[in-house]
Each structure stands twice: as C-alpha cells, then as structure tokens.
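Below are the chains, spelled out letter by letter.
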Amino acid sequence: MTEGTLRRTLPPALDEFLIEGPCRLHGKVAISGAKNAALPALAASLLTGETVTLANVPAVADIRTMGKLLAGMGVSVDRHPDGTVVLCASELSSTEASYDLVRTMRAAILVLGPLLTRFGEAWVSLPGGCAIGVRPVDLHLKAFEAMGARIAVEKGYIHAHISRVGPQAGRLKGATIAFPMPTVTGTENVMLAAVLARGITRIENAAREPEVEDLARLLTSMGASVEGAGSSTITIEGVESLCGTAEAHGIIPDRIEAGTYLAAAALTGGDVTALDARPEHLAAFLNALAETGASVTSTSEGVRVQGAEKPRAHDIVTAPHPGFPTDLQAQFMALSTQAEGTSRIVETIFENRYLHAIELARLGADITIDGATAIVRGPRRLEGAPVTASDLRASAALVLAGLRAEGETRVRRIYHLDRGYSGMAEKLNGLGARVKRVAG
Ligand code: EPZ
C-alpha cells in the first residue's frame with residue numbers, strides 16, 4: 001500500500017493540530033451544551049416509553065458514542081442539525097452495554113441505573129481505567145445493592161438484576177446512600193435509579209456539580225420527585241412511572257469548555273467573552289484567574305476575561321464542586337507556565353492527572369511533579385514542538401500552550417479533544433488563532 005493510500009485510509013483518530021504561535025485571542029466564542037450534562041440526560045430517556053427531547057446537545061464524540069449505545073439497545077435516537085436530540089425507549093431489544101462502547105467511554109455506566117430500575121436487569125461492561133486513573137465504579141454498585149439489586153461481575157460484565165420474587169417483586173427499594181466521597185456519575189446513577197424505586201432514597205455527600213442539578217431539572221420535568229440537587233443531600237421519592245418531556249429540555253452551557261477558552265484568553269494576554277457561560281458555574285476557577293491578575297467580568301452575553309500582561313503565580317487545589325474543577329487543572333497549569341513566580345497545583349480527585357506536564361515541558365515549561373503536587377516555575381518562554389495528547393483535558397492544555405509558544409506546535413492524537421470539544425480549531429481561529437487540523 002503506497003504512502004498516499006495509507007494516508008487516505010488512516011482513521012481520523014490520527015488527526016493532528018498544527019498551531020502557529022504566539023497569538024493573542026480576542027473576540028466572542030459560542031459555548032456548546034455541556035457534555036457532562038447531556039450524557040446523563042441521554043441515559044434518562046431509558047426511564048420512560050414516551051418521547052424525550054433534549055436541546056443544545058453538543059456535537060462531540062462522547063455524545064455520538066452514547067447515542068450508538070442507546071440505539072444498540074433499541075432506543076430511537078434522532079439528532080437534528082440544531083443540536084436537538086429526540087429519543088424514545090418504548091421498546092428495548094437489549095439491556096446490554098457492550099465492552100466495545102463502554103471501553104471508549106466510561107460514562108456509559110450511566111445506563112445501569114435506568115435499565116435496572118425500569119427493566120429489572122442490566123448487563124454493562126466494566127469500564128476500563130483510563131489515562132487519568134483507575135476510576136472504579138464500586139460506589140455505584142454498592143448503592144444499587146443497598147437498593148436491593150443483585151450485582152455479579154461475570155466475564156468483564158456487571159450483571160445487575162432484581163429478584164422477581166419476594167417483597168421486592170422486581171422493583172428497587174428506596175435507601176439512604178452515604179457516599180464516602182462525592183462522585184458525579186455515582187450521584188447521577190443513583191438518581192436515575194431512585195426515581196422509579198419504591199419509597200424514598202436519600203443521597204448523602206452527593207456531588208453538587210451543575211450537571212447534577214441539570215439532571216434533576218430534567219427528571220422533574222418527566223414527573224419525578226427530586227429535592228436538594230446542587231446540595232450535599234438529595235432526596236428522591238420514587239413514582240410508578242415517568243412521562244416524556246412536554247417541551248425540549250435545554251442542556252446547560254459547558255462550563256469546562258468555557259473555562260478552557262477563558263484560560264486561553266489569560267494565557268495569551270487576550271480578551272475573550274465566552275457567550276452564555278454562567279459565572280456561578282465557574283466561581284472557583286474565575287477567582288483563580290483573577291488572582292493571576294486577569295480581569296474577569298460577567299456581562300449580559302456571558303463571561304469576559306482580559307489576560308494580564310504579566311500573570312502572577314497562584315496556588316490551586318482541585319476539589320469537588322464548588323471547589324476548583326479537576327477538569328480545568330491542566331489548562332490552569334498551562335497558564336501557570338507564564339506566571340511570574342512559583343505556582344503550586346494539588347490534584348486531589350484523580351491519581352494520575354499530570355500527563356500533560358511532561359508534554360508542556362517539551363515546549364519549555366519548568367514543572368516538577370511530587371506525588372499529587374505540581375510545582376510550576378515561571379515565566380518560561382515556550383517554543384513550538386511536537387507533543388502528544390493523553391486525555392481530554394490534557395489535550396486542551398497542550399493546545400493552549402501552543403497558542404502561546406513561538407513557532408509551530410504539532411498536537412498529536414487530537415481524537416481525545418474530539419470527545420469533549422466541538423469545533424475547537426474553528427472556535428480558536430474565530431478568536432484570531434492559527435490552528436490547522438491535518439490528517440496524521
Ligand atoms: C465525572 O467523572 C466527569 N465525567 C469527569 O469529567 C470529572 O473529571 C469527574 O466527574 C470529577 O469531577 C462525567 O461527568 C461524564 P467521580 P466521574 O465519580 O463521575 C472516585 C471530563 O473531562 N470513585 O466524580 O467518573 C474516582 O476514582 C471527565 O469530562 C471511586 O472511587 O468521577 C475519583 O477519584 C473526566 N469509586 C473520585 O471518586 C466510584 O465508584 C471522583 O470521581 C466512583 C468514583
């Protein structure tokens with residue numbers, strides 16, 4: 001096979017970004033719907049035989065994967081060009097989530113709760129680990145056992161079912177679930193199961209992310225009884241059945257996408273407005289940007305950040321919402337390479353979320369990793385070089401650093417980016433960057 005045909009047949013997974021730097025970003029960028037709100041919302045369609053309509057669903061790979069997973073079970077999934085997705089789970093042909101799909105997207109675990117509570121059984125492949133950590137699902141499974149499910153792991157699959165005999169007769173029962181640590185999809189999975197369980201479920205130490213609140217809003221619109229979402233204690237009273245959405249449920253804007261472009265504004269000394277971004281979803285992150293000397297303002301259009309000429313060093317510790325989001329840690333590290341002084345970054349959520357540090361060092365950054373702490377010394381002049389992405393948010397950090405680096409930065413394996421950012425090259429070029437997507 002000649003080089004030419006080989007190139008033509010390579011999958012997009014080997015695409016790369018070529019970034020010409022440095023640049024100063026300026027202008028307004030449209031923020032898409034939140035991937036991490038849309039994923040549980042898509043899974044919620046399994047809870048009813050009626051039509052569920054979701055608006056502002058982002059066009060990203062993880063959403064396409066979840067759509068494929070649901071369609072594979074017999075759910076009708078229609079995506080419209082305007083980002084509306086119409087789903088209907090009136091008939092299911094299977095209650096199985098295959099390894100092939102789950103291994104590419106761990107959030108597929110979110111189908112377990114709805115399948116179990118509506119159909120009494122589910123087969124979901126154990127999600128593998130990923131670059132940022134082992135990421136077990138033990139807390140999800142313990143919660144379902146507390147609600148009366150039988151859980152077995154057979155041949156790499158989680159087999160969850162409810163005994164059809166005895167007091168339960170095929171239905172989950174409400175329980176008090178006290179999580180030892182907040183888990184976002186763990187909280188969402190229990191919510192998705194509890195809405196049709198018999199009795200009351202109380203989730204203690206629940207995740208407080210805006211995406212959890214958005215799911216509660218959707219479930220309530222479908223007839224569920226959910227109180228306390230957004231706080232550490234969520235109370236759900238199970239109902240007999242749920243209906244579809246009377247009108248489209250609008251997915252909230254993606255706070256991590258917004259934070260990524262606002263970090264880019266600070267890193268390039270630019271001036272960017274993230275349209276529709278909600279400051280209350282990003283308070284800890286925006287405070288940290290302001291501490292580096294950036295000017296952060298909330299406008300009628302969204303959130304505006306003007307970067308400082310000379311950013312100041314600032315320490316951060318990631319934490320569950322409303323703390324500093326782990327999904328913006330890598331982007332903040334890229335900014336810290338330009339800050340005057342030493343920044344200490346402590347990652348408390350995942351055990352291996354510093355893979356971007358080694359790649360940033362290839363561009364000239366001075367970063368020392370000591371366990372969960374990263375020490376970033378700046379400012380350092382960055383010079384373009386080839387770098388390789390390892391996970392979704394690490395890839396974003398490498399792109400941001402490439403915007404500041406002098407010369408050409410080639411970011412490989414940008415399929416990681418495609419999982420959570422739609423049209424990133426176009427959005428950055430609309431802000432004055434020079435980013436080209438090329439076949440790998
Ligand atoms: C969600 O992952 C997000 N994904 C992640 O975003 C995000 O980084 C993470 O929350 C933390 O905010 C989605 O919402 C689809 P966790 P999730 O359960 O739910 C441990 C992105 O970039 N844990 O809140 O999987 C776990 O190991 C992605 O969009 C258990 O030990 O994360 C971690 O240390 C990356 N047992 C901590 O809890 C469990 O059963 C928090 O994880 C579950 C979690």
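Above this text sits the structure in question.
Within each chain, residues carry numbers counting from 1 in the order of the written sequence. Given that the model is predicted, a residue must reach a pLDDT of at least 70 before its local features are reported, and side-chain atom pairs must reach 80 or more before they are shown or counted; all residues, however, enter totals for whole chains, interfaces and linings. For the side-chain quantities, the full set of heavy atoms in the structure was used; hydrogens and water were omitted.

For each residue, the accessible area found with a 1.4 Å probe, counting protein chains only, is set against the maximum for its type, and the residue is called buried under 20%, exposed over 50%, and partly exposed in between. Numbering of helices and strands runs from the N terminus, with a helix taken as a DSSP run of H or I at least four residues long and a strand as a DSSP run of E at least two residues long. Here helix 12 (residues 355–362) has its buried residues at H356, A357, E359 and L360. Where helix 12 is buried, its residues touch helix 11 (329–336), strand 20 (366–370), strand 22 (386–388) and helix 13 (392–404). Trailing helix 12 by a residue or two, G364 shows a phi angle of about 115 degrees, which is positive. Contacts are assigned to residue pairs with any non-hydrogen atoms lying within 4.5 Å of each other.

Turning our eyes to something else, we now look at the packing of helix 11 against helix 12. Every axis corresponds to a line fitted to the C-alpha atoms, with the helix fit spanning only the stretch in contact, and the corresponding angles, defined between N-to-C directions, vary from 0 to 180 degrees. With their axes 10 Å apart at the nearest point, helix 11 and helix 12 run at an angle of 25 degrees to one another. Here helix 12 runs roughly parallel to helix 11, going by the angle between their axes. Crossing angle aside, the handedness with which helix 11 passes helix 12 is right-handed. Taken together, the residues of helix 12 that come into contact with helix 11 (itself represented by Q329, A330, M333 and A334) are H356, A357 and L360. The cut-offs work like this: below 35 degrees is roughly parallel, past 145 is roughly antiparallel, 65 to 115 is roughly perpendicular, and the gaps in between are oblique. Handedness of each helix crossing follows the sense of rotation of the near helix against the far helix: counterclockwise by less than a right angle gives left-handed, clockwise gives right-handed.

In the sections that follow, a salt bridge refers to a side-chain nitrogen of Lys or Arg positioned within 4 Å of a carboxyl oxygen of Asp or Glu. The final tally for this structure, using the stated rule, is 21 salt bridges. In this structure, the salt-bridge partner of R255 is E211, at a minimum N-O distance of 2.8 Å. Separated by 44 residues along the polypeptide, R255 in helix 9 (residues 255–268) and E211 in helix 8 (residues 210–221) bring together distant segments of the chain. Of the charged contacts, one joins K427 and E257 as a salt bridge, the two residues approaching to 2.6 Å between their closest N and O atoms. In this pair, K427 is assigned in helix 15 (residues 424–429) and E257 in helix 9, connecting sequence segments 170 residues apart. K427 sits in the buried class, given a relative accessible area of 16%.

Whether a set of points on the 1 Å grid over the protein atoms alone is a cavity depends on a 1.4 Å probe fitting there but being unable to get out, while an open set qualifies as a pocket with protein on both sides within 12 Å along at least five of seven lines; lining residues are those with an atom within 4 Å of a point. Grid points are joined across faces, edges and corners, and a volume is the space filled by probe spheres set on the points. One pass over the structure, following the stated rule, counts two cavities of 30 Å³ or more. Size it by volume and the largest cavity reaches roughly 40 Å³. Every residue along the wall of the largest cavity is listed here: P253, D254, R255, A258, A277, R278 and H281. Size it by volume and the second largest cavity reaches roughly 30 Å³. Residues are grouped as follows: nonpolar covers Ala, Val, Leu, Ile, Met, Phe, Trp, Tyr, Cys and Pro; charged covers Asp, Glu, Lys and Arg; every other residue, Gly included, is treated as polar. Residue composition of the lining of the second largest cavity, by class: two nonpolar, four polar and three charged.

Moving on, we get to the site of the ligand. Note on terminology: near, applied to a residue and a molecule or strand, indicates that one of the residue's heavy atoms is within 4 Å of it. In the vicinity of the ligand there are 21 residues, among which L139, T183, T185, D327 and I349 approach most closely. N or O atoms closer than or at 3.5 Å make up a polar contact, with two conditions inside protein: a donor-capable atom paired with an acceptor-capable one, and, for residues adjacent in sequence, both atoms drawn from side chains. Within the side chain of D327, an N or O atom sits 2.6 Å from an oxygen atom of the ligand. The separation between an oxygen atom of the ligand and a polar main-chain atom of I349 is 2.6 Å. Note that accessible areas follow from Shrake-Rupley with a 1.4 Å probe, and for residues the cover is restricted to the protein chains shown. Burial of the ligand by the surrounding chains reaches 88%, relative to a free accessible area of 830 Å². Of all the secondary structure elements, the ones that give two or more residues to the shell around the ligand are helix 2 (35–44), helix 6 (138–146), helix 7 (184–194) and helix 13. Here the shell around the ligand gets three residues from one element, more than from any other, and that element is helix 6.

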